[in-house]
Amino acid sequence: MPQGRLFVVAGPSGAGKGTLIKELLSRYPQAWLSVSTTTRKPRSGEKHGVQYHFITEEEFRDMARGGAFLEWEEVHGNMYGTPLEMVKEKRSQGKDVILEIDVKGAGQVRSREPEAVAIFVQPPSIEILEERLRGRATEGEEELQERLSNALKESLEKDDFDYVVLNDDLDRAAHKLCAIYEMESPVVKAAKKENRR
Ligand code: ADP
Ligand code: 5GP
């Protein structure tokens, strides 16, 4: 059984990362979505250990100092980090690990793990991004404006990624993400080889 690969999916808030990853996970049992640690307060309906591990800033700083994160960043005023041990464990169990993280965190992962596959999810335009964020209705006006202004900066980084998935039509974008995953996953490749025997 090969070791799983790291897939980093980044892009502006509201670009559709979560929606596209959900599609990927529903099609490929070999893919596992990493649960990040954050100092952000849970939104209504969010559960500890499901969407995130919710901890205090002091706990976060202790963990960061102790080397518990593969990468960590401050995003929109809160701290977010990828737990290193869990990523290692899942990969050694033959799972491809999907990281849904911000663009700066993606840069850190790429420097530390150069064989990671970096995918940027691009919204069709800033106007459509705003529409989608308003439709999702998970942020207040101030937070929404911060996410829109960050989106412009983040989009400048997309050329550093291995792939850019334009999320205009959802089915088409999901198909593209799945095609990239199939092409780059050592676990899927090994399963296909096994099936051909
Ligand atoms: P992210 O995880 O990047 O912050 P989400 O996956 O939460 O973004 O998507 C933001 C909003 O846009 C959600 O309400 C989602 O249902 C919607 N959405 C995502 N992709 C599309 C698409 N291709 N067309 C229309 N709406 C979309
Ligand atoms: P939200 O608070 O809306 O769930 O996420 C805000 C932003 O934080 C998103 O862009 C998301 O991708 C990013 N994020 C979530 N987890 C991590 C992480 O572990 N590391 C980094 N660098 N960013 C993260």
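Residues numbered from 1 in each chain as written. Chains lettered and ligands numbered in written order. Predicted model: local features only at pLDDT ≥ 70, side-chain atom pairs only at ≥ 80, totals over all residues. Heavy atoms only, no water.

Caption draft 1: How the structure looks around the nonpolar core. Formed by 20 residues in total, the largest nonpolar core has its most connected members in Leu-20, Leu-24, Tyr-28, Ile-98, Ile-119 and Tyr-181. Contributing elements (two or more residues each) for this core: strand E1 (6-10), helix H1 (17-27), strand E8 (117-122) and helix H7 (170-184). No other element matches the six residues that H7 contributes to this core. With sequence-adjacent residues up to four places away left out, Tyr-28 is seen in contact with Cys-178, Tyr-181, Glu-182 and Val-188. (Core = buried A, V, L, I, M, F, W, Y, C linked by side-chain atoms within 4.5 Å. Buried < 20%, exposed > 50% of the residue type's maximum accessible area, 1.4 Å probe, protein only. Helix = DSSP H or I, 4+ residues; strand = E, 2+ residues; numbered from the N terminus. Contact = heavy atoms within 4.5 Å.)

Caption draft 2: The arrangement of the site of ligand 2 in detail. Around ligand 2, the structure places 17 residues, and the nearest of them are Ser-36, Arg-40, Tyr-52, Tyr-80 and Asp-102. Between Tyr-80 and ligand 2, the recorded distance is 2.5 Å, taken from a side-chain N or O atom to an oxygen atom. Arg-147 has a polar side-chain atom sitting 3.1 Å from an oxygen atom of ligand 2. For ligand 2, the protein covers 94% of the area, taking 520 Å² as the surface of the free molecule. Placement of ligand 2 is best described as lying within the largest pocket. Listed by contribution, the elements that provide at least two residues to the shell around ligand 2 are strand E5 (69-75) and strand E6 (78-83). Among the residues forming the shell around ligand 2, the class breakdown is four nonpolar, five polar and eight charged. (Near = heavy atom within 4 Å. Polar contact = N/O pair within 3.5 Å; in protein donor to acceptor, adjacent residues only side chain to side chain. Areas by Shrake-Rupley, 256 points an atom, 1.4 Å probe, with all protein chains shown as cover. 1 Å grid on protein atoms, 1.4 Å probe; cavity = no way out; pocket = protein on both sides within 12 Å on 5 of 7 lines; lining within 4 Å. Sits in = over half its atoms within 2 Å of the grid points. Nonpolar A, V, L, I, M, F, W, Y, C, P; charged D, E, K, R; others polar.)

Caption draft 3: Layout of the layout of surface pockets. Volume-wise, the largest pocket comes out at about 1100 Å³. What lines the largest pocket is a set of 42 residues, and nearest its centre among them are Lys-17, Gly-18, Tyr-52, Glu-100 and Arg-136. Counting only elements with at least two residues in the lining of the largest pocket, the list comes to H1, E5, E6, helix H5 (126-136) and helix H6 (141-155). Per element, the largest residue contribution to the lining of the largest pocket is six residues, and it comes from H1. Broken down by class, the residue content of the lining of the largest pocket amounts to twelve nonpolar, 16 polar and 14 charged. Its volume calculated, the second largest pocket comes out at about 210 Å³. If you trace the second largest pocket, you find it lined by Glu-74, Val-75, His-76, Asp-102, Val-103, Lys-104, Asn-150, Lys-153, Glu-154 and Glu-157. (Points joined across faces, edges and corners; volume = space filled by probe spheres on them.)

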